[in-house]
Each structure stands twice: as structure tokens, then as C-alpha cells.
Amino acid sequence: MKLFLLPFVFLLTVIVFAQEIKSPSEFLGYELGTQFTRQYEVADYYEYLAKTASDRVHLVEYGKTNERRPLLLAYISSAANMRNLESIRQEHIKSTTGESNASKAIVWLSYNVHGNESVSTEASMKTIYELLTNKSSYLENTVVIIDPCINPDGRARYVNWYNQYKNTPNNVDPNSKEHVEGWLSGRSNHYMFDLNRDWAWLTQVESQQRLKVYNKWLPHVHVDFHEQGVNSPYYFAPAAEPFHEVITDFQRDFQVTIGKNHAKYFDANGWLYFTKEVFDLFYPSYGDTYPTYNGAIGMTYEQGGSGRAGLGIKTRIGDTLTLKNRIAHHFTTGISTVEVAAKNVGKLNTEFKKFYKNKNFKYKSYVLNGNRGAINALENLLQKHEIDFGRAYNGTVKGFNYKTRKVSSMKTSEKTLVVSTNQTKGTLVKVLFEPHAKLSDSLTYDITAWSLPYAYGLDAIASENLIKKDESWLDGTEYGVVKPNAYAHVTKWNSMKDARFLAELLQEKIRVRYAETPFVVNGNPFNRGSLIITRGDNQNDKDFQKKLYKISNKHTKELVATSSGFVDSGKDFGSRYVQMVPKIKVAMLSGGPASTLRFGEIWHFFEQQLHYPLTVLDADYIKRIDLSEYDVLILPGGNYNNFFDEKMLKNVKGWVNKGGKLIAMGGAISGVSGEKGFSIKKKEIEKDSTVSTTVQIHKDIQRERVKDAITGAIFKTKVDNTHPLAFGYGNSYHTLKLGNSAYNFLDKGTVVYLEDGTVPVTGFAGSNAQEKVENTMIFGVENHGQGKVVYMVDNPLFRGFWENGKLFFANALFMVN
Ligand SMILES: [Zn+2]
């Protein structure tokens, strides 16, 4: 009797225990799916679970957003596993070195990276509850890591907006305001960055903090939960072509295994879905590709809905799509993913080890030379990815030269950066550095080129030999050596670091000059743009020496002290060719025609990269503002059709005429050009007006359109580096072209441009598009009265990762005068 009772009592306690956990609906006080749960309520529920099931749930705050919302991770597994969580983690990570007895599956579920795809966080609560109750058996050999919301600022923005505008009861008419978000939707983060384009570049605080934890775990499976348009059904793995060539057969196959398991449940419920279309695995900065290049089965799941759907919306076929439907689908795939992982623990562990075996890639080492600011910036990025690197020894290396695209040699020294592929993160190194990513299909969802040596503007060799490197290298340079009686301190101008240094000096009211022509002083050569800080200019500031010392140390700037303003060659420091850098007051247009992404990139640039103040003028009221209060007005890229009426254009032209500086980027250029605008002209291509003599069959039309497209390809441009817009650059620049917009050369002031032969260095550009961008301007400056208009056809601040473009923008602010 006793023997019979004991297991029964045990079972009873387990059931009672399970019942003690409140479901999301019970906890929140409303049925899940009938309201959008606010961020603090989501956090409350997770905290509640961590308290109530403390033996199986561990909640960690891994950081904070720009708007100070917590970033949370919930670790869940069986009580026995949770007691050994750290040793499970260590054993799993040992698999990357091949030696490991790891026997658990690690599944990481990321929800709501796009804030207005707001079902995901709701579904996460139902999913964790299910795993702790009905499906707790999956947790015996699986650790599940749940990020309930990658982008809390964006989601909070959406949920708050929806609650403000929603009808009561909610209205399913798609035209009602509750389905139409305004200029700033909830999709992006605080700085309007798309966090699902930031995994590789790590420009945003959310990504930076998440990746620190991600690297500690490197899960077997990673899912990024999204939503697509309201009329689309559900999308899950396997992904669409192109797949990057580093993706292994197992990674491909296992996507199919998971997809088929989802299909089983969707089929049983009669739910529609598609696979193998639209969402490819190529661009490395997504929540599916980045984990894939780190050994995971990385997947995107897309529910129909997003910011339009609200609590319910009429679809094209007349059905009503509700939040409850959307939760049910994401819940199903989430649970099904964990199920497949739990059933394939052995296979996942074996294959994960295989992924990290040295793959013997063609290029064994990437060897890079360049200015210290750019090298340091790249080293910073590599550190965040836990990619090992070192410095070279004196010698020469031979291999594929990125600039000439031929095999050649390059000198190396202790200033040369070396990154090799025979390391744990070798696959990621190949993906980020290789000179040319192989594209199996030109129809892709995103940019097709990103190679870091081009993005950072470095001279690079891809070597088929493993280059020896010194990893204990220390920078022996002395920074911030300020000589009290020096006539002037001089320093180079060639990277964002220098721009940050200048920005801080200006804000500390230190007067700085810049050289318009090259010069030599005390035997040291200096190029155009070099900064000259004289004692005479700053003699009224009694803290001048102290400030200069502090700021140059902070920015690790090397200063050369001179005892005289009389130069060996070039212009003396009192020359009219050595001008004062103006302390400019900058304004930027927001709202209306500006794209939120393009606006956000500039906003982030000022506040988080350059650290220089910016006034934001919204399209709603910019017409009432007296522009003469500002020295610079920036128009971010966007759609400017009909934004500038005659009166406003006249106003802006008048302001430039009196000395204002207008920076027009991307789509803004067409807004200020044309008959009544500035003189820049769009390049028109003569359309073939002859009657079509061939019938184009329907299925070829999409392929035909590709001929006009440039999908983020890298082009080598020419640079007039005697122009202030290009100070600090060499005579060529690799630009990332994102489309086929093309403008003719200016009469005067074309600074960066493409000539004939516009085959991209890497990435895809259709044949018509290549022809169109021949002989066109990339960056240029038009003089207008006493002012200037700076044109940026390509976007040097795109997603914040094209490091080598940023100095053009800094030049536009400080050097073009
Ligand atoms: Zn999305």
C-alpha cells in the first residue's frame, strides 16, 4: 500500500505545483489576445514566473534600452538542469573546441525585434507558460532561453500608440486610424534603427548588450519572431535562396526537419503557410543569418499582421485576422521548435561540434593597413564579436589585394592588423571579410555586399597562407603630450576618431584651425584637413592646456607640438589658407518627407558617434522657423515629392544665399533640384521608345526588372581629395550603392564620382543600372551665393556601419566652408 501511495503522492504534488502557476490570462486579468500587454506588465509576468517557479525559471536583466527599459532574458529548463546551468553552458561552449560531452539542446527564442510586430511578446508569455506546464518534458534535455522583447522601446511606442487610437470596441475596418501608424512607427528602436539589420554591425545598445550574452551561449537553434503584411499567411523555415555558401548541409536539412514539424500542426488546424520564399539567408546582420554563421539553426518566422493588424483586421478575402489567431500561430511554431530540438539533442550536439571544426577556407588570413582611427574602430567591432586578431611582424604578404583586385604584395609592420579564419569564429570572419560573397541568386531581400575592408577603408590583402600574428601587442604611442609653451599643437585628420576629438574641442570652446593645403612643420608632413590648435587663439582661456591634455588623451590623439608658426613648406599658421573651424549650429528636418531610417542614422551619428548637438525641426512647423538661427540644415533621405512648395524652396535658397549650408541626402536631392531649385540635374536615360517587338512572357518579368536594380553593391569611385569635402581621404573611395539614382557631374565641385566602367567591385548591379551610374556624381558641393549645398547621392551613414564614409559627413559639417 505504502509503495503504491508514494509515487501517487509525488505525482499529485507535481500537478498541484503546475496548477499553481498562473497562465498569462490569469495573471494579467484579461484574456491573452484581447489587449496589448504593456512592457511593464510583460516584465511583471516574467518576474512572477521566476518567483513562482524559481527552480525552473531564471530571469536576468541583461541591459537597458536608450529609453531605460529593461532588456530581459528568461532561462528555463528542468529543476535538475537549472541547478547545473553554468556547467551545462560551459560544456556546451567547449563543443566549439571539439572536446565536449555536451548532452543538452540550447534553444534561444527572440521575440519582437520589430516593435510593432507586436504579437510576438504576447506569444512568448503563452509559450513559456506551456513549457513550464504541459510541455515540461521537453525541458529535461533542453535549455530554452527566451528574450520576450528585443526592442522594448519600439514595442512600447506601438502599444501606447495603439491604446491611444484604438476604437472601443476595436474596429476591424483597415481604414480606421487604429490600423495606420504615423511617421514614426513602432518598428524601429529609439534611434529609428532596424535592429534586425544590426546583428553584425552592433551600432545599437540593444544589439551590443544582447550579443555579450549570446556569445556566452551560442545556441543550437535561434528563432527570430516577426510579422509580415496582414494579407500574408505564415512563413517558416526552410528559408529561400540565396543561401550563403558557408551554410552547411546539416543546417539546411535541419531547417526542413523543423519546417515539416510545424507543417504537421498547421495542416491539422487548416492554417495557411509558405516556406522557401522571400526570406533568404545571405546578408549577415539578421537574426537568422548571424546565428547561422555562428553555428545555429537560425530562422525567421513571420506571422501575417504587424503594425496594421491591431486587435483585429479585415483581410483581403474578407476574413477577420485577430490578435488571438496571431498568438496561436507563433505559439505553435515556438513549441514545435523546442519539441524538434528536444528530440534531436544528440544530432544537434554532434553537428554543432562539426560546425566549429577548422574549415580550411581558401583565405587563411586577412591583413589590413590603414590609419589608426580606422584600424581601432575595426578592432572594436571584432572584440564585440569575440573574433581574435593580432598585429603583424615586419615583412611582406602576398595575396588578393582589395584595392586593385589582383594578386599583389603589401608591407606589414606592428601597425598591421591580422585576422585569421582558423579560429572559433572563423566562419564569421570569412563572411565579414571575404572580398566577394558568392550570390546563388540575384533576387534577394537585402544588400549583397558588406566586406569590412571596404567598409573601413583599409588597404587589405586576403592571403591563402596563415600569417603569423602577435596577440600581445601593446600600443606604445604617447597620447595627449601637451607642451605648455608650444606655439601650436598639430594633429592629423583622417578618421571618425579625429572628428570626435574636434567636436569635443569645439564644445569646450577651444578654437581650432584647419589647413587647406599640405604642409611640413619640424620635419613632420601634414595633409589637408590637419588640425592646428594655437596658443594665441586660445590665450583668453586659462584652462586651455588642461582641456587640451584631457581631450586628446580621451580620444588617444597624438599631438605634435611646434615652437613656431613658420612652416618648413606649405602655408604658415597665420595664412588665409589656415582657417578657423566654425562652431556650427546644426538643424535637421524630421517627419514629413524624411525616411525614419535615414533620419535615425543621422540622429544617432550626432548623439552617439560624433557627440555634437543637433536641433530637430519637424516638417509640421519648419516653415515657421527662422533658418538664419542655424548654420547647417540637413535634409535626410526620403520621398520629397511635393514637399517643397515654391515659397519654401525660395526661403531655403535665400538662406543658403546668405551663407547657410544645406546638406541634401539621397531622395532629398530631387526635392531641392528641378526648375526652381538648385542646379544639380538627374541623369536621364533615354528610354527605348520603339514598339516592343518581342513578347515577354509573364514569368520573366521579375527577372527583367532586376536589370535596373542595384541591391547594395560596392563601387570604386574617384575622389578629388584637394576638395575640403574629401580631406583625409586618398584618391579612391569604395561606396555602397543602394539603388540606381544618378546625378550628372556638377559644373564645379564634383568631389566623389564614378567614371566609365561601373562594374561593382562586389555585390549585384543589373546591366541597365550599371550603365545608368556611369559618369555620375556620388558626393559634391555647389556654391550658391555665400553659402553651399552639399549633395550626398549615396548614403555614407547607412545603418551606421560604413565606417569609411563617416568622415565625408564630418567634412561636410566642419571643413566645407
Ligand atoms: Zn519583422
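Scroll up a little and you will see the structure.
Residues numbered from 1 in each chain as written. Predicted model: local features only at pLDDT ≥ 70, side-chain atom pairs only at ≥ 80, totals over all residues. Heavy atoms only, no water.

J.: Which parts of the structure should I look at to understand the coordination of the zinc ion?
T.: Each donor-metal-donor angle would ideally measure 109.5 degrees in four-coordinate tetrahedral geometry, or 90 or 180 degrees in six-coordinate octahedral geometry. Binding of the zinc ion to the protein goes through H114 (ND1), E117 (OE), E117 (OE) and H226 (ND1), at separations of 2.0 to 2.4 Å. Taken together, the four donor atoms coordinating the zinc ion and their angles of 57 to 158 degrees define a geometry best described as irregular. All donors of the zinc ion belong to a single chain; written as a sequence motif, their spacing is H-x2-E-x108-H. Each member of the pair, H114 together with E117, is buried. (Donors = N, O, S within 2.8 Å, 3.2 Å for Na, K, Ca; no water. Tetrahedral: all angles 85-135°; square planar, octahedral: opposite > 155°, others 65-115°. Buried < 20%, exposed > 50% of the residue type's maximum accessible area, 1.4 Å probe, protein only.)

J.: Help me understand the pairing of strand β33 (residues 776-784) in this model?
T.: Consecutive side chains of a regular strand alternate in pointing toward one face of the sheet and then the other. Extensive coverage of β33 is indicated by the burial of eight of its nine residues. Alignment of strand β32 (residues 750-754) against β33, held across four bridges, turns out to be antiparallel. Bridge pairing links Y753 to M777 in β33. What sits between β33 and strand β34 (residues 787-792) in their antiparallel hairpin is a turn of two residues, with G785 showing a positive phi close to 60 degrees. (Helix = DSSP H or I, 4+ residues; strand = E, 2+ residues; numbered from the N terminus. Pairing = 2+ DSSP bridges.)

J.: Is there a simple way to think about the side chain of S463 in this case?
T.: Looking at the element boundaries, S463 is found in strand β18 (residues 459-463). On the accessibility criterion, S463 (1% relative accessible area) is buried. If near-sequence neighbours (up to four positions away) are discounted, S463 is found in contact with K362, Y363, K364, S365 and K398. (Contact = heavy atoms within 4.5 Å.)

J.: Help me understand the environment of K557 in this model?
T.: Its place among the elements puts K557 in the loop between α17 (544-554) and β24 (560-562). For K557, a relative accessible area of 3% corresponds to the buried category. When the C-alpha atoms of K557 and T477 are compared, they prove to be 9.4 Å apart, with 80 residues separating the residues in sequence. When neighbours within four sequence positions are excluded, K557 is seen to be in contact with Y479, G480, T491, K492, K497, D498, F501 and S552.

J.: Explain the packing of aromatic side chains to me, please; I cannot follow it from the model alone.
T.: Centre-to-centre distance and the angle between the planes together describe a pair of aromatic rings. All chains considered together, the criterion is met by 54 aromatic pairs. On the numbers, 5.8 Å between centres and 85 degrees between planes, the contact of F605 with F606 is edge-to-face. Across the pair, F606 and F605 agree in class, each one buried. Taken together, the ring pairs connect W201, F282, Y283, Y286, W450, F801 and W802 into an aromatic cluster. Lying over the aromatic face of Y165, K177 brings its terminal NZ or CZ to 5.0 Å of the ring centre. The side chain of K359 reaches across the aromatic face of F355, ending 3.8 Å from its centre. (Phe/Tyr/Trp six-rings, centres within 6.5 Å; stacked < 30°, edge-to-face > 60°. Lys NZ or Arg CZ within 6 Å of the ring centre and 35° of its normal.)

J.: Help me understand helix α23 (residues 806-814), please; the structure alone is not making it clear to me.
T.: One full turn of an α-helix is made of 3.6 residues, so residues set three or four places apart face in the same direction. Counted residue by residue, α23 has nine buried out of nine residues, so it is predominantly covered. When α23 is considered as a whole, its buried residues turn out to be K806, L807, F808, F809, A810, N811, A812, L813 and F814.

J.: Explain the sheet that holds strand β15 (residues 395-401) here, please?
T.: Remark on secondary structure: sheet strands pair via backbone hydrogen bonds, oriented parallel or antiparallel. Pairing is antiparallel across the open sheet formed by six strands, whose spatial order is β14-β17-β13-β18-β15-β16. Two strands lie at the open edges of the sheet, namely β14 (390-391) and β16 (407-412), each paired on one side alone. Bridging between β15 and β16 involves six bridges; their strand directions are antiparallel. Each bridged residue has a counterpart across the sheet, and for V397 the counterpart in β16 is M410. Those strands touched by helix α13 (residues 372-384) are β13 (365-369), β14 and β17 (417-420), and its axis lies near 30 degrees from that of β17. (Axes fitted to C-alpha atoms, helices over the stretch in contact; angles between N-to-C directions.)

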